[in-house]
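Read off the chains here:
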Amino acid sequence: MNSSAKEFLNAAIADYNALFKTSFSVDSNGFQNYYRDLAKRVKSRDIDLLIVVGMFLTGFDAPVLNTLFVDKNLRYHGLIQAFSRTNRIYDATKTFGNIVTFRDLEKATIDAITLFGDKNTKNVVLEKSYKEYMEGFTDLVTGEARRGFMTVVAELEQRFPAPPDEIVKEKDRKAFAKLFGEYLRVENILQNFDEFASLKALQTIDTSDPAEVEAFKAKHYLSDDDLAALKSIRLPSERKIQDYRSTYNDIRDWIRREKAGNNNDQSSIDWDDVVFEVDLLKSQEINLDYILELIFEHNKKTKSKSDLIDEVRRLIRASLGNRAKESLVVDFINQADLDDIPDKASVIDAFFTYARAEQQREAQALITAEKLNAEAARRYIATSLKREHASDNGTELNNILPKMSPLNPQYLTKKQSVFEKVSAFVEKFKGVGGQI
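Just so we're clear, the structure is a prediction, and the values are computed from it rather than from any experiment.

**Q** Sorry if this is basic, but what is going on with the pattern of salt bridges here?
**A** A side chain of one charge can pair with a side chain of the opposite charge when the charged atoms of the two come close. If you walk through the whole model with that rule in mind, you get 34 salt bridges. Salt-bridge contacts for aspartate 243 lead to arginine 314; the nearest nitrogen and oxygen are separated by 2.9 Å. Residue aspartate 243 is found in helix α12 (residues 238-260), and its partner arginine 314 is found in helix α15 (residues 305-317); the two are separated by 71 residues along the sequence. For arginine 323, the salt bridge identified is with aspartate 253, shortest N-O distance 3.3 Å. Residue arginine 323 is found in the loop between α15 and α16 (326-335), and its partner aspartate 253 is found in helix α12; the two are separated by 70 residues along the sequence. Assessed through its relative accessible area of 17%, arginine 323 is described here as buried.

Here it is as structure tokens:
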């Protein structure tokens, strides 16, 4: 290492030490410890962006790594090794990584894939184009026709116009679940394309305002032809997608209840080929603070609690993580004097104050109604809230039950009933904080 490179590395490690309160150096042991600590922090997402020359391009495995920016000529095994840094699947929301190249590496990529595979390998390894995902394509390996996003959207709106909560027949519920699952999967892939980001952003602007349109074109580097092409593509409104998500969640919950109640034998519909895309729903989750801020914004505009409640219900039912809080949020709106709340932060504070009081009241009501061991029950509920789910493993649940012999025919029924009620309580109040 020459003197200028060593000087630069010394400065970089000094900055690192100051930021993370470490004491690494460029000497042999100090640098190796720095390298290991840096790798650990990248994997734990303490560091968002890492600039490298050669190190970390091979032998470094971090499934959370999403995007590799390349400004270097890479070939054969070096290219495969570098690109492989971001190909680890993290969950259903990261089915592949992103590679942004500032040099033309297309031929080098195809050559490397062909060298280590065969002439068809590139059709398996490389993703399709934006146009193919939008319009559909035929898989060259399997021969299977894959429908495009626009075809899926057209069928979704044709077969299930709003409101989708009127889907009554089980066969229609299954058809909707499969179709909306297909929508979620192809939309998830399209999220990685700049063109799709521009298409989604277009839905949020006033296209009749020339100044706003020009600003949009400049921001997204679009020509008049590009803009016209975007305008020709029909997307469902955000409200309609919320309704679809709500119905999808309702059907998922219904299926879970049917299975829990052993009612499958009464159905002639086979649901085994339906996969509910839970991880994809979570990746687009609306957080509770956003919903609470919406309460403030909506109240400023309309002053109508009934309209506000309708909008909030739609948002919450489309949210996998907040569905159980629907009654809590609605009750808060009904009892609150929203006109006296000065800003968004105060809405959030007021809600959590209300929710914590309700949490204590409902916990006491549950303990009283079920005749539970009060001290053990509070401890069990508090533990369940902390881990965000109730567990029937071990003796914790048994300890809160009323005194009853395990041999009593009613014992297991009572245990299951209490467990279900505590589970519902935890789903409703998790994340609220406070004491039981």
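**Q** So what exactly am I meant to see when it comes to unusual backbone geometry here?
**A** Across the chain, the bulk of peptide bonds are trans and the bulk of non-glycine residues have phi less than zero. The backbone of tyrosine 221 shows a phi angle near 55°, a positive value even though the residue is not glycine. We classify tyrosine 221 as exposed; its relative accessible area is 75%. Phi angles above zero are rare outside glycine, and glutamate 388 is one such case at about 70°. Structurally, glutamate 388 can be placed in the loop between α18 (374-387) and α19 (396-400).

**Q** Help me out: how do you make sense of the packing of aromatic side chains in this one?
**A** Geometry of an aromatic ring pair is reported as the spacing of the ring centres plus the angle between the planes. Across all of its chains, the model carries 23 aromatic pairs by this definition. Taking the centre distance of 5.2 Å and the plane angle of 80° together, the rings of phenylalanine 160 and phenylalanine 176 count as edge-to-face. Placement of the pair is phenylalanine 160 in the loop between α7 (149-159) and α8 (170-190) and phenylalanine 176 in helix α8, with a sequence separation of 16 residues. In terms of burial, phenylalanine 160 and phenylalanine 176 fall into one category: buried. Look at phenylalanine 425 and phenylalanine 429: their rings are 4.8 Å apart centre to centre, the planes differ by 45°, and that puts the pair in the tilted class. Here phenylalanine 429 and phenylalanine 425 lie together in helix α20 (residues 411-429), a separation of 4 residues that amounts to about one turn. In terms of burial, phenylalanine 425 and phenylalanine 429 fall into one category: buried. Counting every residue linked through ring pairs, the aromatic cluster contains Phe149, Phe160, Phe176, Phe180, Tyr183, Phe196, Tyr244, Tyr248 and Phe276. In this structure, arginine 173 packs its charged tip against the face of tryptophan 254, placed 4.5 Å from the ring centre.

**Q** What am I meant to see in the packing of α12 against α15 here?
**A** When two helices pack together, their arrangement is given by the angle between the helix axes and the distance between those axes. α15 packs onto α12 with a crossing angle of 55° between their chain directions and a minimal axis gap of 7 Å. For the element pair α12 / α15, the angle class is oblique. Handedness of the crossing formed by α12 with α15: left-handed. Listed contacts from α15 to Arg239, Gln242, Asp243, Arg245, Ser246 and Asn249 of α12 are Glu311, Arg314, Leu315 and Arg317. Its residues assigned to classes, the contact of α12 with α15 comprises 1 nonpolar, 3 polar and 6 charged.

Parameters at a glance
- Think of each chain on its own: its residues are numbered from 1, step by step along the sequence as written.
- With pLDDT at 70 or above as the cut-off, local features in this predicted model cover only qualifying residues; side-chain atom pairs require 80 or more to be listed or tallied, and sums for whole chains, interfaces and linings still use all residues.
- Calculated side-chain values reflect all of the structure's heavy atoms, with hydrogen atoms and water omitted.
- Any Lys or Arg side-chain nitrogen found within 4 Å of a carboxyl oxygen on Asp or Glu counts as a salt bridge.
- In this description a helix means any DSSP run of H or I spanning at least four residues, a strand means any run of E spanning at least two, and both kinds are numbered starting from the N terminus.
- With a 1.4 Å probe rolled over the protein chains alone, any residue whose accessible area is under 20% of its type maximum counts as buried; one over 50% counts as exposed, and the rest are partly exposed.
- Working definition: a ring pair exists when centres of Phe, Tyr or Trp rings (six-membered ring for Trp) sit within 6.5 Å. Plane angles under 30 degrees give stacked, over 60 give edge-to-face, the rest tilted.
- Any Lys NZ or Arg CZ found within 6 Å of a ring centre and within 35 degrees of that ring's normal is scored as a charge over the ring.
- In this analysis, axes come from line fits to C-alpha atoms, helices being fitted only over the stretch in contact, and the angle between any two N-to-C directions falls in the range 0 to 180 degrees.
- Orientation categories follow fixed angle ranges, with anything under 35 degrees roughly parallel, anything over 145 roughly antiparallel, 65 to 115 roughly perpendicular, and all other angles oblique.
- Handedness of a helix crossing follows the sense of rotation of the near helix relative to the far helix, less than a right angle counterclockwise being left-handed and clockwise being right-handed.
- Whether two residues are in contact is decided by their heavy atoms: any pair within 4.5 Å suffices.
- By the convention adopted, Pro, Cys, Tyr, Trp, Phe, Met, Ile, Leu, Val and Ala count as nonpolar, Lys, Arg, Asp and Glu as charged, and the other residues, Gly among them, as polar.

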